[in-house]
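# Coordinates in review
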Amino acid sequence: MVSGGPDAPPGAIVKLGRRVYGAAVNLEYRDLTPRLWPELSRLFGPRGACGGCWCMWWRIEKGERWPEVKGAPARRRLRALVRAGRAHGILAFAGGEPVGWCSYERRVDLPRLDRAPSLACDDAGEVWSLPCFFVKAGWRGKGVASGLLRAALRALRRRGARLAEGYPVKPPRPKERIPAAFAYTGTPELFRAAGFLRAARRPRGRQRVRLRLTDR
């Protein structure tokens, strides 16, 4: 095992301790590699994480229709990206079982995100986005997502990324719980705890938050 510090190599395994219902559980966070495709596929299961998404929602090109992409076509696309080393993210493991996922990509490689008027920015070429989280049922609310986010930020720093950006959902009313199906981009609290600051003010819905990773 490696410590997972800023000099850890790509594909590193970061081992962190967690306490779940009074029992110590070791969680491992691994950078996605082509060899880990079977584990990612196993985590997403027959539903493709959520409604056949297969973490492809933000990659839809202009003119494509989501109903024609979700499901099996989305799975094939993600598998091809993983095998080509063009999909990036972190997998969380507990006892060898995949229990969580966080993706990170250059913002300009996520066409649907870059087309969203409410999330627009004028420096997209400098930004790495953290657009998707998926935690297996039974592991939600136990710190898996925060560990995934920390591991993803370490990976981005290793790549020399300057800016990280997230898109958490702000609930309609204070302290209202967001259903898991709508919280796939994370929550404001998750990003705030990691040091992200609000980049744009919106009264509700999807927010845009940022963290500067370097002093340059």
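As a starting point, this report considers the structure included with it. (Residues numbered from 1 in each chain as written. Predicted model: local features only at pLDDT ≥ 70, side-chain atom pairs only at ≥ 80, totals over all residues. Heavy atoms only, no water.)

Attention shifts here to unusual backbone geometry. Despite not being glycine, Ala49 shows a phi value in the positive range, around 80 degrees. In this fold, Ala49 is placed in the loop between α1 (37–44) and α2 (66–69). With relative accessibility at 17%, the residue Ala49 sits in the buried group. Even without being glycine, Cys55 reaches a positive phi, approximately 55 degrees. (Helix = DSSP H or I, 4+ residues; strand = E, 2+ residues; numbered from the N terminus. Buried < 20%, exposed > 50% of the residue type's maximum accessible area, 1.4 Å probe, protein only.)

Right, let's talk about the pattern of salt bridges for a bit. Per the counting criterion, the structure on display carries 14 salt bridges. Put simply, Arg107 and Glu165 hold a salt bridge, and the shortest N to O gap is 2.6 Å. Linking Arg107 in the loop between β4 (97–106) and α4 (111–115) with Glu165 in strand β6 (residues 163–166), this pair joins segments that are 58 residues apart in sequence. As far as the burial class goes, Arg107 and Glu165 line up, both buried. For Arg210, the salt bridge is made with Asp123, and the minimal N-O distance between the two is 2.6 Å. Of this pair, Arg210 sits in strand β10 (residues 208–212) while Asp123 sits in the loop between α4 and β5 (127–135), and the two are 87 residues apart along the sequence. (Salt bridge = Lys/Arg side-chain N within 4 Å of Asp/Glu carboxyl O.)

Moving on to the packing of α1 against helix α3 (residues 72–83). Here α1 crosses α3 at 150 degrees, and the two axes come no closer than 11 Å. Judged on the interaxial angle alone, α3 and α1 are roughly antiparallel. In this structure, α1 meets α3 at a crossing whose hand is right-handed. Contact residues: α1 offers Trp37, Leu40, Ser41 and Phe44, while α3 offers Arg75, Leu78, Arg79 and Val82. In the contact of α1 with α3, the residues fall into 5 nonpolar, 1 polar and 2 charged. (Axes fitted to C-alpha atoms, helices over the stretch in contact; angles between N-to-C directions. Parallel < 35°, antiparallel > 145°, perpendicular 65-115°, else oblique. Left-handed = near helix turned anticlockwise from the far one by under 90°. Contact = heavy atoms within 4.5 Å. Nonpolar A, V, L, I, M, F, W, Y, C, P; charged D, E, K, R; others polar.)

Glancing now at α1. All buried positions along α1 are accounted for by Trp37, Leu40, Ser41, Leu43 and Phe44. The buried side chains of α1 occupy one side of the element, clustering within an arc of 160 degrees when seen end-on. Buried positions along α1 lie against α3, β3 (89–94), β4 and β5. A positive backbone phi angle near 65 degrees is found at Gly45, which sits one or two residues after α1. (Arc of directions from axis to C-beta.)

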